[in-house]
Amino acid sequence: MDEATVRLHHGKHHAAYVNGLNASLEKLSGARQKGDFSAIRALSLAVAFHGSGHILHSLFWESMCEKERGVEPKSGALFEAIVRDFGSIESFKKQFSEAAKTVEGSGWAILAYEPAGGRLLILQAENHQKQAFQGATPILCLDVWEHAYYISYKSDRGKYVESWWNICNWRGAEERLNVAMKR
Ligand code: MN3
């Protein structure tokens, strides 16, 4: 992943979601004080959009690591859960990649721990907040908004997705899975 992309992505795009969330929460506070909820629909949408954008970007930075450390697991809690729920690491990667490549427009592929069923799920998110599985905790995510890859990969989302596996932070995902399972 090239430096210009990461600088823009973190410094402009992610920052805009943090600012957007703070501004929306402030407006909601003002609306409560005035007892004027005429903008409640727009503000509710804004909180979900910017809030989910912030959470997913924070996880996205943690979902990547140096190339040397991006080694697929061969044992451990994450490996066992992936084999149980997807059959193998390979079939997990195939489904996750397809989810990432086929998100309609801007969005995300997400690996999440779903506590009611005690299992892993691969989810697609449109924008940041649509198609959420309520209660599921994301433990690994891949941003497929064009701003995430356009400088290096132009319109080739598929190539970006396949290259991304080289810097996938499997160890971080395992740490987050262990925390999510204990909740
Ligand atoms: Mn992004």
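See the structure shown above.
An account of the accompanying structure is given in this report. This one's a predicted model, so the numbers in the text were calculated from it and none came from an experiment.

## Points about the overall build of the chain
Here's step 1: When you go through the chain residue by residue, the secondary structure sums to 7 helices and 3 strands.
Here's step 2: In sequence order, the secondary structure elements of the chain are arranged as α-α-α-α-β-β-β-α-α-α.
Here's step 3: A compact globule built from 183 residues would reach a C-alpha radius of gyration of about 16 Å, and the chain, at 17 Å, matches this within 12%.
Here's step 4: Considering the chain as a whole, with its 183 residues, one finds that 40% of them fall into the buried category.
Here's step 5: Contacts in the chain between residues far apart in sequence, at least 24 positions, make up 69% of those at least 6 positions apart.
Here's step 6: Carbon and sulfur atoms form 53% of the exposed surface of the chain, whose accessible area is close to 10,000 Å².
Here's step 7: In the chain, which carries 22 positive and 21 negative side-chain charges, the distance between the mean positions of the two groups comes to 3 Å.

## Describing the coordination of the manganese ion
Here's step 1: For the manganese ion, the full set of protein donor atoms is His9 (NE2), His57 (NE2), Asp143 (OD) and His147 (NE2), at a range of 1.9 to 2.2 Å.
Here's step 2: In primary sequence terms, the donor set of the manganese ion follows H-x47-H-x85-D-x3-H.
Here's step 3: Relative accessible area serves as the criterion here: at 0%, aspartate 143 is assigned to the buried category.
Here's step 4: Judged by relative accessible area, histidine 147 falls into the buried class, the value being 18%.

## Topic: the sheet that holds strand E2 (residues 119-126)
Here's step 1: In spatial order, the strands read E2-E1-E3; together these 3 strands make up an open sheet with antiparallel pairing. Both outer strands of the open sheet, E2 and strand E3 (137-143), are each paired with one neighbouring strand and no more. The average undirected angle you get between the axes of adjacent strands in this sheet is 20°.
Here's step 2: Strand direction decides the pairing type here: strand E1 (residues 107-114) and E2, joined by 8 bridges, are antiparallel. From the neighbouring strand, alanine 109 faces E2, where its bridge partner is glutamine 124.

## With respect to unusual backbone geometry
Here's step 1: In this structure, asparagine 127 takes a positive phi of about 55° despite not being glycine.
Here's step 2: With respect to the helices and strands, asparagine 127 occurs in the loop between E2 and E3.
Here's step 3: Look at asparagine 127 and you get partly exposed, because its relative accessible area is 22%.
Here's step 4: Look at glutamine 131: it is not a glycine, yet its phi comes out positive at around 70°.
Here's step 5: Assignment of secondary structure puts glutamine 131 in the loop between E2 and E3.

## As for the pattern of salt bridges
Here's step 1: Throughout the structure, instances matching the rule amount to 8 salt bridges.
Here's step 2: A salt bridge links arginine 84 to aspartate 85; the shortest N-O distance between them is 2.9 Å.
Here's step 3: When salt bridges with common partners are traced through the structure, they connect Glu98, Lys101 and Glu162 into a single cluster.

## Concerning helix H7 (residues 170-182)
Here's step 1: The terminal C-alpha atoms of H7, which comprises 13 residues, lie 19 Å apart, in line with the 18 Å expected from a rise of 1.5 Å per residue.
Here's step 2: Of all the positions in H7, only Trp170, Gly172, Ala173, Arg176, Leu177 and Ala180 are classed as buried. In a view along the axis of H7, the buried residues occupy a sector of 150°, so they form one face of it. Looking at H7, the residues exposed on the side facing more than 90 degrees away from the buried face are Arg171, Glu175 and Lys182.
Here's step 3: Structurally, H7 contributes buried residues whose contacts are with helix H2 (40-62), helix H3 (77-86), helix H4 (89-102), E1, E2 and E3.

What counts and what doesn't
- Residues numbered from 1 in each chain as written.
- Predicted model: local features only at pLDDT ≥ 70, side-chain atom pairs only at ≥ 80, totals over all residues.
- Heavy atoms only, no water.
- Helix = DSSP H or I, 4+ residues; strand = E, 2+ residues; numbered from the N terminus.
- Rg over C-alpha atoms; globule rule 2.2 N^0.38 Å.
- Buried < 20%, exposed > 50% of the residue type's maximum accessible area, 1.4 Å probe, protein only.
- Contact = heavy atoms within 4.5 Å.
- Areas by Shrake-Rupley, 256 points an atom, 1.4 Å probe, with all protein chains shown as cover.
- Lys, Arg positive; Asp, Glu negative; His and termini not counted.
- Charge placed at Lys NZ, Arg CZ, Asp CG, Glu CD.
- Donors = N, O, S within 2.8 Å, 3.2 Å for Na, K, Ca; no water.
- Pairing = 2+ DSSP bridges.
- Axes fitted to C-alpha atoms, helices over the stretch in contact; angles between N-to-C directions.
- Salt bridge = Lys/Arg side-chain N within 4 Å of Asp/Glu carboxyl O.
- Expected span 1.5 Å × (residues − 1).
- Arc of directions from axis to C-beta.

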